[in-house]
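Below are the chains, spelled out letter by letter.
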Amino acid sequence: MNALEFLGLTHPESLIGVIVFFIMLYGISRLPKKKYSFAARVMMGTGVGTVYGLIFWGLSRSGSGLAGDLNNWFSLVGIGYTSLFRFLIPPAMMIATIHMVIHTPLVKVQTPLLRWKKRVNTLMLAVSALIGAGFGLYFQVGARPGQEEAAFAWSAEKTITDAIASLIPSGLGTDLVMGNVAGIFVFAVFVGIAARRMSVKYMDTVKPFLDFTDAAFSVGTSVCKTIIAYKPVGAAAIMASFTASDGPLAILMLAKMLAVLCLAAAAMLLVQVILCALSGVSPAAFFKAGKGAMKKALLTRSGSACLGEAQEALASGLGLRKEITDEVSSYAISSGMQGCGALFPAMAAVFAAGLSGMIMTPVTVFTMTAVIVLMSYGITGLPGTATMAEFSAVMGTGMGGAVPTLGPMIAVDPVGDVPRTLINVTGCMANAIIVERRVRE
């Protein structure tokens, strides 16, 4: 075996391509953070990787074997990066869930506000996930142009009881290995409830566990931030691999997915406006009061940064009870992001399934919706909500084989962040309006 064979290469020129590839990744990782925002660096990585992949796709059309050689290395880095999320999410989500339950105030009697807040938040998340999945399946996102096949089938080998059984914890070790994030979430909730209940009478005994959970959550959050910080490099490798394999079709597929995402966001916004109208707030009043928060959402792509403007719009602009709307909107922007936590993950899961050639069924859609709703609570406080949610949706639905095809979602994340952040902000306003009317009545 010579040196080229050891490196998995068949052409001496391929070695130069590999060296340039890693120099490119190093250059992207060294982009000055003060000069370029994180989103700009991700998009630069996406652009550079796309161009590099297209070059070798073009060479492959001329009969050169360079593309195959190089794509092995592109895939190694790209799939390796997505695998980090696959490895990270189950334990991080378990710790985040326990942390969330422990730090949720213990109440003996649930008030109407607390009940309605949870009901509306859960229902809106489910609706958003179904809209994302429905639009994705109807427009067959993820299917290669000219090769569209049925992405949805009514017949299914699994029944609804099988789907529910798959969400039940079956063993912590097994669930961690298989990525059963729903089962892990359920187990973590029980652990958190037990720790919180015991802390009332046995604080001295339980305090070490509470301190450990807080410390583990801080460390887990730091690990998440570290992995997310490599998105520019990961995006470059992912797009180099994607375009080297599919050429310009890869760009068309992503453009189609983003266009469908905008349509789905418009549909979800329409649902929010209709529900607000049924609650006594006209569409004109809703947009007039919230235009400042909505505009800021489109510019900043940060729901939490727009929370103050949204709360001001609800209290001053619409004259709603501030103590209610503040609590509901804060809850919705942290544990019920209808864009980042439901709409986009559902669309991403359909894209990954389509790219992997998987056929979704009503049972798959039901399972995915349930997982997305649960995960919106389970990943509370973790950075990179949309990325965490999309990987959780695919893994929790039992489509582990489609996880590597989620890579392109990372590459276009800054673009998809615009419509989904808008839905986060309008969603927190809609939830607050609906709950305020229900509680007032």
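The model shown is predicted, which means the values in this text are computed figures rather than measured ones.

Draft legend 1. Spatial organisation of the overall build of the chain. A count of helices and strands for the chain gives 19 helices and zero strands. The C-alpha radius of gyration computed for the chain amounts to 23 Å, which stays within 12% of the reference 22 Å derived for 441 residues, consistent with globular compactness. For the chain, the spread of C-alpha atoms along the principal axes amounts to about 75 × 55 × 55 Å. A total of about 19,400 Å² of accessible surface is found on the chain, and carbon and sulfur atoms cover 67% of it. A distance of 9 Å separates the average location of the 32 positive side-chain charges in the chain from that of its 22 negative side-chain charges.

Draft legend 2. A look at the state of the cysteines. Tallying each qualifying case throughout the model produces zero disulfides. With no disulfide of its own, cysteine 262 lies closest to cysteine 340 among cysteine sulfurs, the gap being 13 Å. For cysteine 262, a relative accessible area of 42% translates into the label partly exposed. With no disulfide partner, cysteine 428 has as its closest neighbouring cysteine sulfur the one in cysteine 306, 8.7 Å distant. The exposure class of cysteine 428 is buried, given its relative accessible area of 1%.

Draft legend 3. Representation of the environment of threonine 50. Position of threonine 50 among the secondary structure elements: in helix α3 (residues 38–61). C-alpha of threonine 50 to C-alpha of phenylalanine 217: the two residues are 167 residues apart in sequence and 36 Å apart in space. Dropping the residues within four chain positions of it, threonine 50 is found in contact with Met239, Ala240, Thr243 and Ile251.

Draft legend 4. Region of the structure containing the side chain of serine 329. Within the secondary structure layout, serine 329 lies in helix α14 (residues 322–335). Once you skip the residues sitting within four places of it in the chain, serine 329 turns out to touch Leu307, Gln311, Leu314, Cys428 and Ala432.

Draft legend 5. Geometry of the confidence of the model for the chain. On average, the chain scores 88 in pLDDT, and the residues at 70 or more come to 95%. Looking across the chain, the model is least confident in helix α1 (residues 3–6), with a mean pLDDT of 73, and most confident in helix α11 (residues 248–278), with 95.

Draft legend 6. Structural detail: the environment of glycine 47. Mapped onto the secondary structure, glycine 47 falls in helix α3. Placed 189 residues apart in sequence, glycine 47 and alanine 236 show a C-alpha to C-alpha distance of 7.3 Å.

Draft legend 7. Spotlight on a nonpolar patch on the surface. On the surface, Ile160, Ile164, Ile168 and Phe366 cluster together to form a nonpolar patch covering roughly 350 Å² of accessible area. With respect to the helices, strands and loops of the structure, isoleucine 160 is situated in helix α6 (residues 160–166). The exposure class assigned to isoleucine 160 is partly exposed, which follows from its relative accessible area of 41%.

Draft legend 8. Summary view of the packing of helix α5 (residues 112–138) against α11. One way to put it is that α5 packs onto α11 with a least axis distance of 9 Å and a crossing angle of 145 degrees. The handedness of the crossing between α5 and α11 is right-handed. When α5 is examined against α11, the residues Met124, Val127, Ser128, Ile131, Phe135 and Gly136 are found in contact with a partner set consisting of Val260, Leu263, Ala264, Ala267, Met268, Val271, Gln272 and Leu275. The class makeup of the residues in the contact of α5 with α11 is eleven nonpolar, three polar and no charged.

Draft legend 9. Region of the structure containing the pattern of salt bridges. In total, this model carries nine salt bridges according to the counting rule given. Close ionic contact of glutamate 327 with lysine 117 constitutes a salt bridge, the shortest N to O distance being 3.1 Å. Placement of the pair is glutamate 327 in helix α14 and lysine 117 in helix α5, with a sequence separation of 210 residues. Its salt-bridge partner being lysine 296, residue glutamate 309 comes within 2.9 Å of it at the nearest N-O pair. Placement of glutamate 309 in helix α13 (residues 307–317) and of lysine 296 in helix α12 (residues 283–300) is noted, with a sequence separation of 13 residues between them. Classification of glutamate 309 as partly exposed rests on a relative accessible area of 31%. A single network of salt bridges, built from pairs that share partners, joins Lys231, Arg301, Asp413, Asp417 and Arg420.

Draft legend 10. Structural context of the packing of helix α2 (residues 12–29) against helix α10 (residues 231–246). Between α2 and α10, whose axes approach to 8 Å, the crossing angle comes to 145 degrees. In this structure, the crossing between α2 and α10 has a hand that is right-handed. Residue-level contacts link Phe21, Met24, Leu25, Ile28 and Ser29 of α2 to Pro232, Val233, Ala236, Ala237 and Ala240 of α10. A per-class count over the contact of α2 with α10 returns nine nonpolar, one polar and no charged.

Draft legend 11. Broad picture of the packing of aromatic side chains. Summed over the entire model, instances satisfying the criterion amount to 13 aromatic pairs. Plain terms: the ring middles of tyrosine 138 and phenylalanine 139 are 5.0 Å apart, the flat faces sit at 85 degrees to each other, and that makes the pair edge-to-face. Take phenylalanine 139: its relative accessible area is 31%, and that puts it in the partly exposed class. Linked through ring pairs, Phe21, Phe22, Tyr52, Phe56, Trp73 and Phe74 together constitute an aromatic cluster. Over the ring of tryptophan 116 we find arginine 119; its NZ or CZ atom is 5.5 Å from the centre of that ring. Looking at arginine 420, its charged tip hangs above the ring of phenylalanine 344, at a distance of 4.5 Å from the centre.

Draft legend 12. Region of interest: unusual backbone geometry. Phi is positive for glutamine 140, which is not a glycine, with a value near 55 degrees. Among the secondary structure elements, glutamine 140 is positioned in the loop between α5 and α6. Within the chain, arginine 301 stands out as a residue other than glycine whose phi angle is a positive 55 degrees. Mapping arginine 301 onto the fold places it in the loop between α12 and α13. A relative accessible area of 27% places arginine 301 in the partly exposed class.

Thresholds applied
- Throughout, residues of each chain are indexed from 1 in the direction in which the sequence is written.
- Side-chain atom pairs in this predicted model are given and counted only at pLDDT of 80 or more, local residue features only at pLDDT of at least 70, and totals for whole chains, interfaces and linings cover all residues.
- Side-chain calculation: all heavy atoms of the structure are included, whereas hydrogens and water are not.
- Counting from the N terminus, the helices are the DSSP runs of H or I reaching at least four residues and the strands are the DSSP runs of E reaching at least two.
- The atom set for the radius of gyration is the C-alpha atoms, and the globule formula is 2.2 Å times the number of residues raised to the power 0.38.
- The protein chains shown are the only cover counted for residues, whose accessible areas, like all others here, come from Shrake-Rupley with a 1.4 Å probe.
- Charge counting treats Lys and Arg as positive and Asp and Glu as negative, with His and both chain ends excluded.
- We put the charge of a Lys on NZ, of an Arg on CZ, of an Asp on CG and of a Glu on CD.
- Count a disulfide wherever a pair of cysteine sulfur atoms falls within 2.5 Å.
- Only protein chains enter the calculation, and the probe is 1.4 Å; a residue is then buried if its accessible area is under 20% of its type maximum, exposed if over 50%, and partly exposed in between.
- Should any heavy atoms of two residues lie within 4.5 Å, those residues are counted as being in contact.
- The pLDDT value tells you how sure the predictor is about a given residue, anywhere from 0 up to 100.
- In this scheme, patches are assembled from residues that exceed 30% relative accessible area and form no salt bridge. Like charges are connected within 9 Å, while nonpolar side chains (Val, Leu, Ile, Met, Phe, Trp, Tyr) are connected within 5 Å.
- Whenever a carboxyl oxygen of Asp or Glu lies within 4 Å of a side-chain nitrogen of Lys or Arg, that contact is scored as a salt bridge.
- Think of each axis as a best-fit line through the C-alpha atoms, taken over the contacting stretch in the case of a helix, with angles from 0 to 180 degrees between the N-to-C directions.
- Take the far helix as your reference; a near helix turned counterclockwise from it by less than a right angle gives a left-handed crossing, and one turned clockwise gives a right-handed crossing.
- Three classes are used, and their members are as follows: Ala, Val, Leu, Ile, Met, Phe, Trp, Tyr, Cys and Pro are nonpolar, Asp, Glu, Lys and Arg are charged, and the others, Gly among them, are polar.
- Between the rings of Phe, Tyr and Trp (Trp by its six-membered ring), a pair exists once the centres lie within 6.5 Å; its type follows the angle of the planes, with under 30 degrees stacked, over 60 edge-to-face, and the other angles tilted.
- Placement of a positive charge over a ring is assigned whenever Lys NZ or Arg CZ falls within 6 Å of the ring centre and within 35 degrees of the normal to the ring plane.

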